[in-house]
Each structure stands twice: as structure tokens, then as C-alpha cells.
Amino acid sequence: MRRRRRRHCGVYRGSGSQIDQIFVSSSSFPSLPPPPPHSSLTAVGEVSALVFLIPQEMKQDSSRNAAYTVDCEDYVHVVEFNPFECGDTGTLIAYGGNNYVVIGTCTFQEEEADVEGIQYRTLRTFHHGLRVDAIAWSPETRLDALPPMIRFCTAAADRKLRLFTSDLQDKNEYKVLAGHSDYINDLVFAPKEGQEIASVSDDHTCRVWDLEGNQKAHFVLRSAGMSVCWHPEESCKLMVAEKNGTIRFYDLITQQAILSLESEQTPLMSAHWCFRNTFKVGAVAGNDWLIWDITRSSYPQDKRPVHMERAHLFRWSTVNENLFATTGYPGKMTTQLLIHHLGHPQPILIGSAAVGSGLSWHRTLPLCVMGGDHKLLFWVTEM
């Protein structure tokens, strides 16, 4: 890997330098307190901030600083790249903090020769009013439509989902989906048409909703639901991971469980269905990561202890079926990020972030992002 020199970054701003309440002028938004003063996020109707960031120096061994960082106005609890093609050269990214959801677009030097480092631009900031605990993108999101269409859903600390729809201009709406009686841990849109949303909660249920907030399916679990996945090649099946170590696949037509996997250790905190290979499932439970081949056994094909203070999140890369990332629980100072390749006995990249949270892979690059203390942190690895 070539060694990169650290340089100063240039920041170019449009005319807007503060959030204004104009962006919640739609009657669909409730009356909420104004954002904090002196915010550098950009007001609606004005040119968004355009930021060029040059990569930090990267060490030659597997322990590295983030390749790129983007400063944020709030602590970042969750961050998600848009996993769907949206008709724009950049990649959409959403992150949530204590009061806001920010939608931005980013382009990396790994995909555009005329970009040095990362080019990031904030498209819109949505006042949320509550801590954002999870975000999911809708496949209906398009930047090449006239007008553009942004649609995403959040889970909040009040045990409710909020479905946001925006044209990045005058139309800004959200609908509340209520029904869970405890903390919502994960949610996902139907990957083909985006007309349904699935969510899992500490209330021992998985629920499937239409976009009007009606419940279309309700699965009773035996423990807290931690992760839910909807694969674009298996759109009639839903994968639900429970804290007790069981992962089940449900047929959405018959609304029956059709397959189950067992981790044999607890607590299972996160699981993910491999985008590149529908037979592969990964998870973290206790201190370990675990990998299943569902054609061979209901028990893990491979597992390895990786995090001293318990593992937190597991995410497959969207570009390589052997590449995945895990995070540990936030410690007193830092959160550890590990990137693994099934062909290597040790992690191929080790990163850390101050009280980091969230984890997401870029749609077309071997690049992942984690949120942190007023920052987004991006790591790049080889295939």
C-alpha cells in the first residue's frame, strides 16, 4: 500500500452557515425547539457545505487511523450508507445524533480520479427531536428524479419509527409508526419496491409495516430481537436474529419460520445476511464472530474470539463475500473496529474511534464508516 501524506484540508461553504427553522416549515412536522445556535449545518434553499478532506497518514501494519474523517455538529449514534443505486455519482449517507438526522453525499478518490481524499456535501438536516437509534434507507430514494426523492426511516428512543419523505425542497414529511412497547434495535425496508418496513425490538417481536403505518405481519420471538435483514435476492424471506442466540428465517407469504440457526453462545448482539452470498450469515455473540453456511449446518461453520470487552456489531462487505467488519462495545475511551477476511487468520485492519458507534459498508468500495464523537470516520481496505 502506498504511503499517504497528511495535508491540510480546504473547506468551501455556500451562503448558509446556520440551520434555520425554515426546513421544518411543512405542516407535516410538529412544532419542535429550534436547533442550537452557531451550528455550521446549512439552511434549506442555500448551497450546502462542500468539504474536501485529504487522507490522514496511514501506517503500514494492520493498525490504522481512519483514512478520512468528516466533522459533525452532534455526537453520531448511527450511520448508514445508502445500499441502493440512487442515480447520482456520489453515495448517499445518513447519520443520526441526539436531535438530528443529516443526509449527505460523498465521493472518494478510490472511485473518482479528480477527487483528492473525500468530497462530502450535506444535502439536508432533519430535526428529529429525539436520539436516533437506527436508520434504514428506502430503495425508492432517487437523486436523478424530478423532483428528487429522499426516503428513510428511523427508530427513536421513544420506541417509535419515523418514516421521512423529502424532495430536498418544499416537501418534507414524516409519519410516526407506533406499536412496539420497548426499545427498537433494528429496521430494514423491503429491498425491491420499498413498500414495507420490518423492525425488531426488545419487546420480543418482529413487525412488518406498510408505509401508512399498518402492521402487515407480527412475529412473536423468544427473546429480544437484535437484527433484521431483507435480502434483495430473497425478497419473500426475512432473517431475524434474537439475543438468545437463535437466528430464524421467516416466509413472508405463509408467515411461518422455515429455518433456524444456533450460535450456542449469548448474548447475540448483531447478525447480518451476506449480500454477495445468500447462503452465508454472520453474527457476533459474546466475544466472538460466527459464520454459518446455511446449506451445511444450523451451527456455525467458523468462529473466532476477537473483542475483549464483548462484540457489538457485525456487517458483511457489499463487494466481497469473504470481507466483514466487527466492532466492540464502547470502552471508557475508544471503540475498536476490526476488518476481517475469511482467508486470513488475523484481522486485516484494526481501527479505533473515540466512543464510536454505528457501522456501515460503502455500496461499491471496500470502505466502511463508523460514527464517533462529532465525527464520521472512514476506513479503506484491499479486496
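Residues numbered from 1 in each chain as written. Predicted model: local features only at pLDDT ≥ 70, side-chain atom pairs only at ≥ 80, totals over all residues. Heavy atoms only, no water.

Asker: Describe the overall build of the chain, naming the residues involved and giving the relevant values.
Answerer: A tally of helices and strands in the chain yields 0 helices and 30 strands. Scored against the burial criterion, the 383 residues of the chain give a buried share of 57%. Sequence-distant contacts in the chain: of pairs separated by 6 or more residues, those separated by 24 or more amount to 51%. (Helix = DSSP H or I, 4+ residues; strand = E, 2+ residues; numbered from the N terminus. Buried < 20%, exposed > 50% of the residue type's maximum accessible area, 1.4 Å probe, protein only. Contact = heavy atoms within 4.5 Å.)

Asker: Give me the pattern of salt bridges: which residues, what numbers.
Answerer: For the coordinates displayed, the defined rule picks out 12 salt bridges. Between arginine 304 and aspartate 302 there is a salt bridge, with the nearest N and O atoms lying 3.5 Å from each other. Since its relative accessible area comes to 26%, arginine 304 is described here as partly exposed. A relative accessible area of 28% places aspartate 302 in the partly exposed class. Within the structure, one salt-bridge network assembled from shared partners comprises Glu85, Arg142 and Asp144. (Salt bridge = Lys/Arg side-chain N within 4 Å of Asp/Glu carboxyl O.)

Asker: Explain the sheet that holds strand S22 (residues 288-293) to me, and be specific about the residues and the numbers.
Answerer: Backbone-to-backbone hydrogen bonds join strands into a sheet, with any given pair of strands oriented parallel or antiparallel. Taken together, 4 strands build an open sheet; the order of strands is S20-S21-S22-S23 and the sheet is antiparallel. If you trace the sheet from one side to the other, it starts and ends with strand S20 (268-273) and strand S23 (302-305), each paired once. Across this sheet, the average inter-strand angle for adjacent strands is 15°, counted without regard to direction. In terms of strand pairing, S20 meets strand S21 (residues 280-285) through 5 bridges, oriented antiparallel. The residue of S21 that forms the bridge with histidine 272 is glycine 282. (Pairing = 2+ DSSP bridges. Axes fitted to C-alpha atoms, helices over the stretch in contact; angles between N-to-C directions.)

Asker: Lay out the side chain of histidine 362 with the relevant residues and their values.
Answerer: Tracing the sequence through the fold places histidine 362 in the loop between strand S28 (357-361) and strand S29 (367-372). A relative accessible area of 1% places histidine 362 in the buried class. Within the structure, histidine 362 has its side chain in polar contact with the side chain of threonine 91 (distance 2.9 Å). Setting aside anything within four residues of it in sequence, one finds histidine 362 in contact with Phe81, Thr91, Phe108, Glu111, Thr318 and Leu367. (Polar contact = N/O pair within 3.5 Å; in protein donor to acceptor, adjacent residues only side chain to side chain.)

Asker: An account of the nonpolar core is needed here, citing residue identities and associated values.
Answerer: Among the nonpolar cores identified, the biggest contains 20 residues, and Ile93, Phe108, Leu376 and Phe378 are the most heavily contacted of them. When contributions to this core are tallied by element, the ones reaching two or more residues are strand S3 (68-71), strand S4 (78-81), strand S5 (91-96), strand S6 (100-108), strand S7 (118-127), S29 and strand S30 (375-380). With residues up to four places along the chain from it excluded, the contact list for phenylalanine 108 reads Tyr68, Phe81, Val115, Gly117, Ile118, His362, Leu365, Leu367 and Phe378. Core analysis: the second largest hydrophobic core is formed by 17 residues, Val78, Cys86, Ile103 and Phe126 among them. (Core = buried A, V, L, I, M, F, W, Y, C linked by side-chain atoms within 4.5 Å.)

Asker: Explain the sheet that holds S29 to me, using residue names and the numbers behind them.
Answerer: Strands sit in the order S3-S30-S29-S28 across an open sheet of 4 strands; the sheet is antiparallel. Here the strands that pair on one side only, and so sit at the sheet edges, are S3 and S28. Across the sheet, the axes of successive neighbouring strands diverge by a mean angle of 20°, strand direction being ignored. By the bridge criterion, 3 bridges tie S28 to S29 in an arrangement that is antiparallel. Along S29, the bridge assignment pairs tryptophan 361 with cysteine 368.

Asker: Residue-level account of the pairing of S20, with values.
Answerer: Each regular strand shows side chains that alternate between the opposite faces of the sheet. Burial within S20 is extensive, with 6 of its 6 residues counted as buried. Counted along the chain from S20 to the antiparallel partner S21, the turn is 6 residues long.

Asker: Describe in detail the confidence of the model for the chain, supporting the description with residues and values.
Answerer: Looking at the chain as a whole, the pLDDT averages 85, with 83% of positions reaching at least 70. This model gives residues 1-61 a pLDDT under 50, and the stretch forms 134 contacts once residues within four places in sequence are excluded. (pLDDT = per-residue confidence, 0-100.)

Asker: Please provide a residue-by-residue account of the packing of aromatic side chains, values included.
Answerer: Overall, the coordinates contain 15 aromatic pairs when judged by the stated rule. Relative to phenylalanine 378, the ring of phenylalanine 81 has its centre 6.2 Å away and its plane inclined at 50°; by these criteria the two rings are tilted. Placement of the pair is phenylalanine 81 in strand S4 and phenylalanine 378 in strand S30, with a sequence separation of 297 residues. Phenylalanine 378 sits in the buried class, given a relative accessible area of 0%. Measuring from centroid to centroid gives 5.6 Å for phenylalanine 126 and phenylalanine 164, while their planes differ by 65°, and the two rings are edge-to-face. Remark: phenylalanine 164 occurs in strand S10 (residues 161-166) and phenylalanine 126 occurs in strand S7; sequence separation between them is 38 residues. Like phenylalanine 126, the residue phenylalanine 164 is buried in the burial classification. Feature note: the residues Phe126, Trp137, Phe152, Phe164 and Tyr174 constitute an aromatic cluster, connected by ring pairs. (Phe/Tyr/Trp six-rings, centres within 6.5 Å; stacked < 30°, edge-to-face > 60°.)

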